[in-house]
Amino acid sequence: MIVVKNVRLFPRTPDAPAVDVEITEGRFSRLSPAEDAAPDSAPPATGTTSTGTEVIDGAGRILLPGLGDVHAHLDSNRMGQTFRPHTADGTLHGYIMNDRENWRQGERSVADQAAYAIAKIIASGGTRIRSHAQVDSDCGLERFHGVRTALEAQADVLDFQIVAFPQAGIMHEQGVEELLDAALSEGANLVGGLDPLLYDRDPVSHLEVVFGLAEKHGKGIDIHLHEAGTAGLFTLEEIAARTRAAGMTGQVTVSHAFALNTNPEPEVARILDVLAEAGVALTTVAPAKGALPQRLIRERRMALGLGEDGQRDYWSPYGDGDLLRRTWQLAFTNGFRADADIEGCLDIASRGGAQVMAGARPDGSALVDDSRFGLAVGAPADFVLVDADTVTSAIMDCPLDRDVFKSGRLIASGGELAGGPRLN
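Cut-offs used in this document
- Residues numbered from 1 in each chain as written.
- Predicted model: local features only at pLDDT ≥ 70, side-chain atom pairs only at ≥ 80, totals over all residues.
- Heavy atoms only, no water.
- Domains from an automatic or database assignment.
- Contact = heavy atoms within 4.5 Å.
- Buried area = accessible area lost by both parts, 1.4 Å probe.
- Salt bridge = Lys/Arg side-chain N within 4 Å of Asp/Glu carboxyl O.
- Axes fitted to C-alpha atoms, helices over the stretch in contact; angles between N-to-C directions.
- Helix = DSSP H or I, 4+ residues; strand = E, 2+ residues; numbered from the N terminus.
- Left-handed = near helix turned anticlockwise from the far one by under 90°.
- Nonpolar A, V, L, I, M, F, W, Y, C, P; charged D, E, K, R; others polar.
- Buried < 20%, exposed > 50% of the residue type's maximum accessible area, 1.4 Å probe, protein only.
- Phe/Tyr/Trp six-rings, centres within 6.5 Å; stacked < 30°, edge-to-face > 60°.
- Pairing = 2+ DSSP bridges.
- UniProt positions renumbered as here; feature names shortened; annotations may be inferred.
- Expected span 1.5 Å × (residues − 1).
- Bend = angle between axes of the 7 residues up to and from the residue.
- Core = buried A, V, L, I, M, F, W, Y, C linked by side-chain atoms within 4.5 Å.

- As annotated in an unreviewed UniProt entry, the protein carries the name Cytosine/adenosine deaminase and is attributed to Brevibacterium iodinum ATCC 49514.

### Notes on the domain arrangement of the protein
Part 1 of the reasoning: Parsing the protein into structural domains produces domain 1 (2-64 + 376-417) and domain 2 (65-358).
Part 2 of the reasoning: Each of domain 1 and domain 2 has a C-alpha centre, and the two are 32 Å apart.
Part 3 of the reasoning: In this complex, domain 1 contributes 24 residues to the contact, which on the side of domain 2 involves 21 residues.
Part 4 of the reasoning: Buried area between domain 1 and domain 2, summed over both chains or domains, comes out near 2000 Å², and the portion from carbon and sulfur atoms is 69%.
Part 5 of the reasoning: Of all residues in domain 1, Ile 395, Arg 402 and Lys 406 bury the most surface against domain 2, accounting for 28% of the area lost on that side.
Part 6 of the reasoning: Where domain 1 packs against domain 2, one counts three salt bridges.

### Some points on the packing of helix H5 (residues 203-217) against helix H6 (residues 229-245)
Part 1 of the reasoning: Two elements in contact, H5 and H6, have axes separated by 11 Å at closest approach and are oriented at 35°. For the pair H5 and H6, the crossing hand works out as right-handed. Of the residues in H6, those in contact with Pro 203, Val 204, Leu 207, Glu 208 and Phe 211 of H5 are Phe 234, Glu 238, Ile 239, Arg 242 and Thr 243.
Part 2 of the reasoning: For the contact of H5 with H6, the residue count by class is six nonpolar, one polar and three charged.

### With respect to unusual backbone geometry
Part 1 of the reasoning: One non-glycine residue, Asp 309, lies in positive phi territory at about 65°.
Part 2 of the reasoning: Take Asp 309: its relative accessible area is 22%, and that puts it in the partly exposed class.
Part 3 of the reasoning: The phi dihedral of Ser 407 falls on the positive side, at around 55°, and the residue is not glycine.
Part 4 of the reasoning: Relative to the assigned elements, Ser 407 resides in the loop between strand E16 (402-406) and strand E17 (409-413).
Part 5 of the reasoning: Residue class for Ser 407 comes out partly exposed when judged on its relative accessible area of 33%.

### Some words on the packing of aromatic side chains
Part 1 of the reasoning: Counting across every chain of the model gives four aromatic pairs.
Part 2 of the reasoning: A centroid spacing of 6.0 Å and a plane angle of 40° characterise the contact between Phe 28 and Phe 383, whose relative ring orientation is tilted. Of this pair, Phe 28 sits in strand E3 (residues 27-33) while Phe 383 sits in strand E15 (residues 383-386); the two residues are 355 residues apart in sequence, bridging distant segments of the chain. Accessibility classification places Phe 28 together with Phe 383 in one group, the buried group.

### Describing the sheet that holds strand E7 (residues 67-72)
Part 1 of the reasoning: Strand order across the open sheet formed by eight strands is E7-E8-E9-E10-E11-E12-E13-E14, with parallel pairing between neighbours. A strand with exactly one partner marks an edge of an open sheet, and here the two such strands are E7 and strand E14 (304-306). Neighbour-to-neighbour, the strand axes of this sheet turn through a mean angle of 20°, independent of strand direction.
Part 2 of the reasoning: Bridging between strand E9 (residues 159-165) and strand E10 (residues 190-194) involves two bridges; their strand directions are parallel. Bridged to Val 163 within E10 is Leu 190.

### Some details on the environment of Gly 310
Part 1 of the reasoning: For Gly 310, the position within the fold is in the loop between E14 and helix H9 (323-333).
Part 2 of the reasoning: A residue is classified by how much of its surface remains accessible, and Gly 310, at 16% relative accessible area, is buried.
Part 3 of the reasoning: When the C-alpha positions of Gly 310 and Arg 78 are compared, they lie 9.0 Å apart, and in sequence the two are 232 residues distant.
Part 4 of the reasoning: Other than its neighbours up to four places away in sequence, Gly 310 contacts His 73, Tyr 318 and Gly 319.

### Here's the deal with the pairing of E15
Part 1 of the reasoning: By the alternation rule, side chains of E15 split into Phe 383 and Leu 385 and Val 384 and Val 386, which are all buried.
Part 2 of the reasoning: Direction of pairing for E15 relative to E16: antiparallel, over a ladder of four bridges. Bridged to Val 384 within E16 is Val 404.

### What about the UniProt feature "domain: Amidohydrolase" (unreviewed entry) in the protein?
Part 1 of the reasoning: In this numbering, the UniProt entry assigns the feature "domain: Amidohydrolase" (unreviewed entry) to residues 54-392.
Part 2 of the reasoning: For residues 54-392, the helix share is 39%, the strand share is 16%, and the end-to-end C-alpha distance is 30 Å.

### Quick word on helix H10 (residues 339-358)
Part 1 of the reasoning: Taking 1.5 Å of rise per residue, the 20 residues of H10 would be expected to cover 28 Å, and the 28 Å separating its terminal C-alpha atoms lies within 8% of that figure.
Part 2 of the reasoning: At Arg 351, H10 shows its maximal bend, which comes to roughly 40°.
Part 3 of the reasoning: The positive-phi residue at the C-terminal boundary of H10 is Gly 359, with phi of around 70°.

### Quick notes on the nonpolar core
Part 1 of the reasoning: If you look at the biggest cluster of nonpolar residues, it comprises 107 residues, and the most contacted ones within it are Val 4, Leu 74, Ile 221, Leu 260, Leu 272, Leu 282 and Phe 383.
Part 2 of the reasoning: If you tally residues by element for this core, the top one is helix H2 (residues 110-124), at nine residues.
Part 3 of the reasoning: Counting only domains with at least three residues in this core, you end up with domain 1 (2-64 + 376-417) and domain 2 (65-358).
Part 4 of the reasoning: Leaving out residues up to four positions away in the same chain, Val 4 has contacts with Val 19, Asp 20, Val 21, Ile 23, Ile 56, Phe 383 and Leu 385.
Part 5 of the reasoning: Within the second largest apolar cluster, five residues are counted, among which are Ile 96, Phe 165, Ala 168 and Tyr 199.

Next comes the structure, spelled out in structure tokens:
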């Protein structure tokens, strides 16, 4: 058993009382008021008692749920490499081709660079990752293999999924369907898609390939949808219809979903009803333009997760692997000021991503009462300890000194991974 003593569980006020948290077999097993034992009978502040209980001194810090990057591109990041000036032309096709022309010039292999990003994500508080891995006629399965190698090496400290992602479209090039098929056979968890109408210009064929491969392999789907306005509404309706027809409730995610920000609210509410009924999940990357309507999504109990997208790559110089900072960005781009709204952003960054990856939906419970994905007894003991007054102040200040735990075991501290630089 592990006991984390003297922590404040998701506090909303600076004077929130401290608790002791017991962990058994990797899950929260008991929460109780912090004990003030007499000095002559107190167990060690941090260490192992005579009965074999491991004691960790929380030192009055905040206990937050483990975070997740559920929209990553581990194969394209350039974090830690020599800075490279931005050269893309600003169009979607231009970004795609600019990455294609330059990705082999990186200073590390795909696997090593993905491992570098994974280290940053874990040290920031991340205990789960869903990464897209590019599959196309240029790279074949090379980028998928690199991402798979890096993630599988960390299976003991990380929950992860890989999306076989056709970044250059499916209908544009010969052989992409066969490559996606091969990636799914080799362990990809989901098949991706990209703007079936506006990029591939053939939404019927595009979605037939995506859903056909998902059904063939018994895998999930995660589709990038940058399509805005009525074009995006059309594609969302097609995705929902195919999800229902295939009986894939809880297995389909739409990333970005900019149509939910570029249509009148009545139309947005209508399409959200359609998506909710089909059991489609959503992810956002907290973009400067394209914020999703969190209130409407929450009212329909749809799973919504947060990701970082690319991190200092050929698409953009932004992104540093820090998921707490990305949570700040989610609050900032939505213009939130109220503590409850900002706390809601952390909820999306934590159990929201866990729900997306598990194919589950919110049940309406508070995070501290959720025994499956939250901080209640029975939930996995994946958490972060930070020194801050409240949840909101932790997000605003993003303190760098964080202790990250997976199943109750320390996996990172102070920006460094536990046990040495095995991810760098």
